[in-house]
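If you want the building blocks of each chain, they are given just below.
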Amino acid sequence: MKIAVFPGSFDPITTGHVRIVKRALPIFDKVVVAVGINSQKKYLYTLEQRLNWLEEVFGDEPKIEIASYEGLTAHYCNKIGAGFLLRGLRNASDFDYEKTISQLNNIVGKNLETVFLISEPAYSHISSSIVREIIRGGGDASPFLPATLKLPKL
Ligand code: ADP
């Protein structure tokens with residue numbers, strides 16, 4: 001069975017993330033959308049909130065599972081028997097960063113393969129960090145978020 005893990009912070013989930021997961025469905029038998037918990041990182045939204053959003057957005061799709069994990073992404077993939085990591089690429093800086101990480105994960109994760117999907121043009125400007133800035137600044141982030149997503153008051 002071809003299982004891919006789509007790891008991220010999803011702080012918050014954007015339409016960019018949703019498109020990558022949807023486009024990956026024909027490639028894999030199962031896609032695990034997994035929130036990585038990094039104790040060094042400060043998040044805008046709680047883990048519970050981010051998991052709830054993922055459930056709302058992907059809950060009806062039988063090939064998608066929602067999860068969270070601590071520690072190395074590669075170890076998590078090995079643990080659940082996932083042979084593939086799924087990542088999106090928006091631009092050259094994503095590429096430079098992701099290239100190194102995927103080479104490391106291939107070794108640490110015992111032949112774990114990273115599959116990259118190039119962002120569609122309509123989504124390549126969207127990032128969670130820009131969305132957080134818009135939200136913090138009191139702007140309307142809804143053009144970048146799944147239609148059903150409700151943002152709590154900060
Ligand atoms: P991380 O904290 O690992 O960067 P993110 O939640 O920001 O996690 O992103 C998770 C994955 O989604 C990454 O592979 C990132 O490149 C991809 N991604 C985020 N936004 C987009 C987008 N607009 N188009 C394509 N891929 C995207």
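Residues numbered from 1 in each chain as written. Predicted model: local features only at pLDDT ≥ 70, side-chain atom pairs only at ≥ 80, totals over all residues. Heavy atoms only, no water.

**Things to note about the packing of aromatic side chains**
Here the distance between the centres and the angle between the planes together describe a pair of aromatic rings. Test applied: Two rings from Phe, Tyr or Trp (for Trp, the six-membered ring) form a pair when their centres sit within 6.5 Å of each other. Planes less than 30 degrees apart are called stacked, planes more than 60 degrees apart edge-to-face, and all others tilted. The numbering of helices and of strands both runs from the N terminus, where a helix is a DSSP run of H or I of at least 4 residues and a strand a run of E of at least 2. Counted as over-ring charges are cases with an Arg CZ or a Lys NZ within 6 Å of the ring centre that also lie within 35 degrees of the ring normal.
Within this structure, the stated rule accounts for 4 aromatic pairs. Taking 5.5 Å as the distance between ring centres and 50° as the angle between the ring planes, the aromatic pair formed by F28 and F84 counts as tilted. Pair noted here: F28 is in the loop between α1 (15-24) and β2 (30-37) and F84 is in strand β4 (residues 84-89), with a separation of 56 residues, a long-range link. If you follow R50 out to its NZ or CZ, it ends over the ring of Y43, 4.1 Å from the centre.

**Thoughts on the pairing of strand β5 (residues 113-118)**
The condition is simple: Strands were regarded as paired on the criterion that DSSP finds at least two bridges between them. Seen with the strands pointing away from the viewer, any crossover whose path from the first strand over the helix to the second strand runs clockwise is right-handed.
Relative to β5, β4 runs parallel, the two sharing 6 bridges. In the sheet register, G88 faces β5, and the bridge partner there is L117. Taken together, β4, helix α4 (residues 92-108) and β5 form a β-α-β motif whose crossover is right-handed.

**Overview of the site of the ligand**
Using the following cut-off: For each residue, the test is whether any non-hydrogen atom lies within 4 Å of the molecule or strand; if one does, the residue is near. Nitrogen and oxygen atoms within 3.5 Å of one another constitute a polar contact, given that in protein one can donate a hydrogen and the other can accept it, and given that sequence-neighbouring residues count only through two side-chain atoms. The Shrake-Rupley method, run with a 1.4 Å probe, gives the accessible areas here. Residue values count only the displayed protein chains as cover. Buriedness for pockets is judged along seven lines, at least five of which must meet protein on both sides within 12 Å for an open set on the 1 Å grid over protein atoms alone, while cavities are sets there where a 1.4 Å probe fits but cannot get out, and lining residues have an atom within 4 Å of a point. Any molecule with more than half of its atoms within 2 Å of a cavity's or pocket's grid points is counted as sitting in it. Note on residue categories: nonpolar means Ala, Val, Leu, Ile, Met, Phe, Trp, Tyr, Cys or Pro, charged means Asp, Glu, Lys or Arg, and polar means any other residue, Gly included.
Around the ligand sit 16 residues in total, of which S9, F10, G88, Y123 and I126 are the nearest. Within the backbone of I126, a nitrogen or oxygen atom sits 2.8 Å from a nitrogen atom of the ligand. Summarising the interface, the protein chains cover 87% of the accessible area of the ligand, which totals 550 Å² for the free molecule. According to the grid-proximity analysis, the pocket containing the ligand is the largest pocket. When its residues are assigned to classes, the shell around the ligand shows 6 nonpolar, 6 polar and 4 charged.

**Topic: unusual backbone geometry**
Our working definition: Here the term buried applies to any residue with accessible area under 20% of the maximum for its type, exposed to any over 50%, and partly exposed to those in between, with areas from a 1.4 Å probe on protein chains only.
Here the amide bond leading from D11 into P12 is cis, since omega sits at 0°, within 30 degrees of zero. Of note in the backbone geometry, F10 takes a positive phi value of approximately 50° without being a glycine. Using a relative accessible area of 2% as the deciding quantity, one classes F10 as buried. One non-glycine residue, K110, adopts positive backbone phi at about 50°. Tracing the sequence through the fold places K110 in the loop between α4 and β5. You can call K110 exposed: its relative accessible area is 66%.

**Here's the deal with the pattern of salt bridges**
Applicable threshold: The salt bridge definition used is simple: a Lys or Arg side-chain nitrogen within 4 Å of an Asp or Glu carboxyl oxygen.
Under the counting rule described, the total for this entry stands at 5 salt bridges. Of the charged contacts in the structure, one is a salt bridge between D11 and R132, with a shortest N-O distance of 3.9 Å. Here the residue D11 occupies a position in the loop between β1 (3-8) and α1, and R132 occupies one in helix α5 (residues 128-136), the gap between them amounting to 121 residues. D11 gets classed as buried once you look at its relative accessible area, which sits at 2%. For K30, the salt bridge is made with E65, and the minimal N-O distance between the two is 3.0 Å. A residue pair is termed long-range when its members are at least 10 positions apart, and K30 in strand β2 and E65 in strand β3 (residues 64-70) qualify at 35 residues.

None of this, on its own, says anything about what the molecule does.
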